[in-house]
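Coordinates in review
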Amino acid sequence: MVLTVAHLNHQPEDCRPENLLAGCQRCHNLYDAPMRRQGIADRRRATMAGGDLLASIAAIPRRL
């Protein structure tokens, strides 16, 4: 069994004791899974051809 330490707020630089949780590797991975899934989805969206077209249209300066 591997003992790991999870950062509850997912900020590795925040090492306050109340932000740390010791647990087995499986529990740590289960805790981090939603954040990892979101990161994967964000990277996939960013690399898609054209990206988010509506976001790019909103960023274009408009002349009146």
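This report concerns the structure included in the present document. Predicted model, so just to flag it, every value in this text is computed and none were measured.

**Focus: the pattern of salt bridges**
- Counted according to the given criterion, the structure contains four salt bridges.
- Here glutamate 18 ties to arginine 16 by a salt bridge, and the two come within 3.0 Å at their closest N and O atoms.
- Accessibility expressed as a relative area gives 55% for glutamate 18, which makes it exposed.
- Relative accessible area serves as the criterion here: at 42%, arginine 16 is assigned to the partly exposed category.
- Across the pair aspartate 42 and arginine 45 runs a salt bridge, and its minimum N-O distance is 3.1 Å. A residue pair is termed a helical-turn pair when its members lie 3 or 4 positions apart in one helix, as aspartate 42 and arginine 45 do in helix α1 (residues 25-47) at three residues.
- In this structure aspartate 42 comes out as partly exposed when scored by relative accessible area, which is 35%.
- When salt bridges that share partners are traced, they join Asp14, Arg16 and Glu18 into one network.

**Digging into the pairing of strand β1 (residues 3-7)**
- Burial of the side chains of β1 is restricted to one face: Thr4 and Ala6 are buried, whereas none of Leu3, Val5 and His7 on the reverse face is.
- Pairing between β1 and strand β2 (residues 20-24): five bridges, direction antiparallel. Across the sheet, histidine 7 pairs through a bridge with leucine 20, a residue of β2.

**Structural notes on a nonpolar patch on the surface**
- A surface patch of nonpolar side chains, amounting to about 240 Å² of accessible area, comprises Leu8, Leu21 and Tyr31.
- Following the sequence through the fold, leucine 21 ends up in strand β2.

**A word on the state of the cysteines**
- If you walk through the whole model with that rule in mind, you get zero disulfides.
- Looking at cysteine 27, it has no disulfide partner, and the nearest cysteine sulfur is the one in cysteine 24, 3.4 Å off.

**Section: the side chain of asparagine 19**
- Within the fold, asparagine 19 resides in the loop between β1 and β2.
- A distance of 2.8 Å separates the side chain of asparagine 19 from the backbone oxygen of aspartate 14, its partner in a polar contact.

About the criteria used
- Residues numbered from 1 in each chain as written.
- Predicted model: local features only at pLDDT ≥ 70, side-chain atom pairs only at ≥ 80, totals over all residues.
- Heavy atoms only, no water.
- Salt bridge = Lys/Arg side-chain N within 4 Å of Asp/Glu carboxyl O.
- Buried < 20%, exposed > 50% of the residue type's maximum accessible area, 1.4 Å probe, protein only.
- Helix = DSSP H or I, 4+ residues; strand = E, 2+ residues; numbered from the N terminus.
- Pairing = 2+ DSSP bridges.
- Patch = residues over 30% accessible without salt bridge, like charges linked within 9 Å, V, L, I, M, F, W, Y side chains within 5 Å.
- Areas by Shrake-Rupley, 256 points an atom, 1.4 Å probe, with all protein chains shown as cover.
- Disulfide = S-S within 2.5 Å.
- Polar contact = N/O pair within 3.5 Å; in protein donor to acceptor, adjacent residues only side chain to side chain.

Taken by themselves, the reported measurements are silent on function.
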